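Here are the chains, one letter per residue:
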Amino acid sequence: MPLRTESIEEPNLNLTPMIDIVFLLIIFFMVGAKFTELERQYGVQLPTVADPAPLTSLPDPIYVNIHSDGSIQVDDRTLGGPELDLLLRAARQRYAEQTVVIRGDGSAPYQAVMDVLASCNRAGLKNVNMAYRLQLGEPR
């Protein structure tokens, strides 16, 4: 009894979507080229700059370290609450978008971290980050 075999269907590649996208890209670049030609019609010679740089550089973040005993340290100086408030307010006056990075010891009292966050809030600083270390291999 002869076995019936089906013919193997040849795979085919539908090029219609690719051709559509190529045509859309051609139209996009043609329209873009037209706009650049319109820009060149004006006889304005723009000035050039040899080395463009921002007028002012962004300040470095303020790193607030909270040790395991609850002491607060900024730039190798141990500060209390009022001194930290003054420092943060002065930084806010110099640059309104000043960044503060809080690095608290894992065994530090939570109240010390909250005091630093409250000082940042009183100073009006909005860019406050909490530093942490990610342990590899832990699920997220």
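Up top is the structure.
Residues numbered from 1 in each chain as written. Predicted model: local features only at pLDDT ≥ 70, side-chain atom pairs only at ≥ 80, totals over all residues. Heavy atoms only, no water.

Participant: Can you break down the overall build of the chain residue by residue, with the values?
Facilitator: For the chain, the count of helices and strands is three helices and five strands. Helices and strands in the chain line up, N terminus first, as α-β-β-β-α-β-α-β. Restricting to contacts in the chain with at least 6 residues of sequence separation, those with at least 24 account for 71%. When the accessible surface of the chain is split by element, carbon and sulfur atoms take 58% of a total near 12500 Å². (Helix = DSSP H or I, 4+ residues; strand = E, 2+ residues; numbered from the N terminus. Contact = heavy atoms within 4.5 Å. Areas by Shrake-Rupley, 256 points an atom, 1.4 Å probe, with all protein chains shown as cover.)

Participant: If you had to explain helix 3 (residues 110–123) to someone new, which residues and values would you point to?
Facilitator: The terminal C-alpha atoms of helix 3, which comprises 14 residues, lie 20 Å apart, in line with the 20 Å expected from a rise of 1.5 Å per residue. Looking only at helix 3, the buried set comprises A112, V113, V116, S119, C120 and A123. Along the axis of helix 3, the buried residues cluster in a sector spanning 120°; they form a single face. Residues of helix 3 that are exposed and point over 90 degrees away from its buried face: Y110, Q111 and N121. Looking at the buried positions of helix 3, the neighbouring elements they touch are strand 1 (62–66), strand 2 (72–74), helix 2 (81–94), strand 4 (99–104) and strand 5 (127–130). Looking at the residues trailing helix 3, positive phi occurs at G124, about 85°. (Expected span 1.5 Å × (residues − 1). Buried < 20%, exposed > 50% of the residue type's maximum accessible area, 1.4 Å probe, protein only. Arc of directions from axis to C-beta.)

Participant: I'd like a description of a nonpolar patch on the surface, backed by residues and values.
Facilitator: Taken together, L13, L15, M18, I19, V22, F23, I26 and M30 make up a surface patch of nonpolar side chains, about 820 Å² in accessible area. Structurally, the position occupied by L15 is in the segment before helix 1 (16–40). Using a relative accessible area of 39% as the deciding quantity, one classes L15 as partly exposed. (Patch = residues over 30% accessible without salt bridge, like charges linked within 9 Å, V, L, I, M, F, W, Y side chains within 5 Å. Salt bridge = Lys/Arg side-chain N within 4 Å of Asp/Glu carboxyl O.)

Participant: Let's hear about helix 2: which residues, and what values?
Facilitator: Spanning 14 residues, helix 2 covers 20 Å between terminal C-alpha atoms, matching the ideal 20 Å at 1.5 Å per step. The complete set of buried residues in helix 2 reads L84, D85, L88 and A91. End-on view of helix 2: buried residues confined to an arc of 130°, all on one side of the axis. The exposed set on the far side of helix 2, more than 90 degrees from its buried face, consists of P82, L86, Q93 and R94. The secondary structure elements touched by the buried residues of helix 2 are strand 1, strand 2, strand 3 (77–79), strand 4 and helix 3.

Participant: Lay out the sheet that holds strand 2 with the relevant residues and their values.
Facilitator: Within a sheet, adjacent strands bond to each other through the backbone by hydrogen bonds, running parallel or antiparallel. In space, the five strands of this open sheet follow the order 3-2-1-4-5, with mixed pairing throughout. Edge positions in the sheet fall to strand 3 and strand 5, since each of these pairs with one other strand and no more. Looking at each pair of strands side by side, their axes are set apart by 30° on average, direction ignored. Inspection of the sheet shows strand 2 paired to strand 3 by three bridges, in the antiparallel sense. Paired with V74 across the strands is R77, a residue of strand 3. (Pairing = 2+ DSSP bridges. Axes fitted to C-alpha atoms, helices over the stretch in contact; angles between N-to-C directions.)

Participant: An account of the environment of C120 is needed here, citing residue identities and associated values.
Facilitator: Inspection of the secondary structure assignment puts C120 in helix 3. C-alpha separation for the pair C120 and D85, spaced 35 residues apart in sequence, amounts to 7.5 Å. Leaving out residues up to four positions away in the same chain, C120 has contacts with L88, V100, L125 and V128.

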